[in-house]
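# Structure at a glance
Residues per chain, in single letters:
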Amino acid sequence: MSNTQGQATFFNLTITLNDKEVPVFTYTNLDGTDVCGNVVVNQYSTISYQLIDKTGKGLKFVGAAFTTPFDKIIDAITISSDGTLIQLTDLDKTPGNTGFQFVLSNSCNTLQVLSPDPEIVNHPN
């Protein structure tokens, strides 16, 4: 049985490199409008980030790291098998906010890349 209630939010996350080879993260809506990547949630939601890797370094999502993983703001994450899509599930049962960083692998070495800190804010009804 599928859940027909809730909200879906989609972002493109484009990563480029500056002239010093430092990753630069840019969030956009599907229409290309720049956004900060933060989300305010007031109902059950799935928040999706599509990776657009323009670094030539073979970046892929491997996770999302939370400083407060037990605060019950985000309930689960799912990553596509090719590592280009990550989805955060928020049941919106707990008020508050949480920050996180995306964790990405690369094809050049075994080091991982961390994103800047987007934020999810819950306002349950």
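Note on numbering: residues in each chain are counted from 1, in written sequence order. Thresholds applied to this predicted model are a pLDDT of at least 70 for local features of residues and 80 or more for the giving and counting of side-chain atom pairs; totals over whole chains, interfaces and linings are not thresholded and use all residues. For the side-chain quantities, the full set of heavy atoms in the structure was used; hydrogens and water were omitted.

Per an unreviewed UniProt entry, the protein goes by DP-EP family protein and derives from Shewanella livingstonensis.

Another aspect to go through is the layout of surface pockets. By volume, the largest pocket is sized at about 150 Å³. Along its surface, the largest pocket is lined by Leu-17, Glu-21, Pro-23, Thr-55, Lys-57, Leu-59, Asn-106, Cys-108, Asn-109, Leu-111, Gln-112 and Val-113. Each residue is assigned to one of three groups, with Ala, Val, Leu, Ile, Met, Phe, Trp, Tyr, Cys and Pro labelled nonpolar, Asp, Glu, Lys and Arg labelled charged, and all others, Gly among them, labelled polar. Partitioned by chemical class, the residues of the lining of the largest pocket number six nonpolar, four polar and two charged. As defined here, a cavity is a set of points on a 1 Å grid over the protein atoms alone where a 1.4 Å probe fits but cannot get out. A pocket is an open set with protein on both sides within 12 Å along at least five of seven lines, and residues line them when an atom is within 4 Å of a point. Grid points are joined across faces, edges and corners, and a volume is the space filled by probe spheres set on the points.

Here we take up the nonpolar core. Of all hydrophobic cores here, the largest spans 22 residues; its most connected members are Ile-47, Tyr-49, Phe-61, Leu-88, Phe-102, Leu-104 and Ile-120. The set of elements that each furnish at least two residues to this core consists of strand 1 (7-17), strand 2 (23-28), strand 4 (39-41), strand 5 (45-53), strand 6 (60-66), strand 8 (85-90) and strand 9 (96-105). In this analysis, two residues are considered to be in contact whenever any of their non-hydrogen atoms come within 4.5 Å of each other. Ignoring sequence-local partners within four residues, the contact set of Ile-47 consists of Thr-9, Phe-11, Val-39, Val-41, Ile-86, Gln-87, Leu-88 and Ile-120. Residues belong to a common nonpolar core when they are buried Ala, Val, Leu, Ile, Met, Phe, Trp, Tyr or Cys residues joined through side-chain atoms within 4.5 Å. Exposed residues in this analysis have more than 50% of their type's maximum accessible area, buried residues have under 20%, and partly exposed residues fall in between, with area computed by a 1.4 Å probe over protein chains only. Secondary structure elements follow DSSP: runs of H or I no shorter than four residues count as helices, runs of E no shorter than two count as strands, and numbering proceeds from the N terminus.

With that out of the way, let us pick up the confidence of the model for the protein. The predictor's confidence in any single residue is recorded as pLDDT, a number from 0 to 100. Confidence in the prediction of the protein, expressed as mean pLDDT, is 89, and 94% of residues score 70 or more. For the protein, the element scoring lowest by mean pLDDT is strand 11 (residues 119-122), at 72; strand 7 (residues 76-79) scores highest, at 97.

Strands are treated as partners if at least two bridges between them are detected by DSSP. Where strand 1 meets strand 5, nine bridges bridge the pair, whose relative direction is parallel. Following the sheet pairing, Asn-12 is matched in strand 5 by Gln-50.

All right, on to unusual backbone geometry then. Of note, the phi angle at Glu-21 is positive, near 65°, even though the residue is not glycine. Counting through the fold element by element, Glu-21 comes out in the loop between strand 1 and strand 2. If you check the backbone angles, Lys-72 has positive phi at about 65° while not being a glycine. Counting through the fold element by element, Lys-72 comes out in the loop between strand 6 and strand 7.

Within the secondary structure layout, Ile-79 lies in strand 7. In this structure, the C-alpha to C-alpha distance between Ile-79 and Thr-46, residues 33 residues apart in sequence, is 12 Å. Each residue touching Ile-79, except ones within four places of it in the same chain, is listed here: Phe-61, Val-62, Gly-63, Leu-85 and Ile-86.

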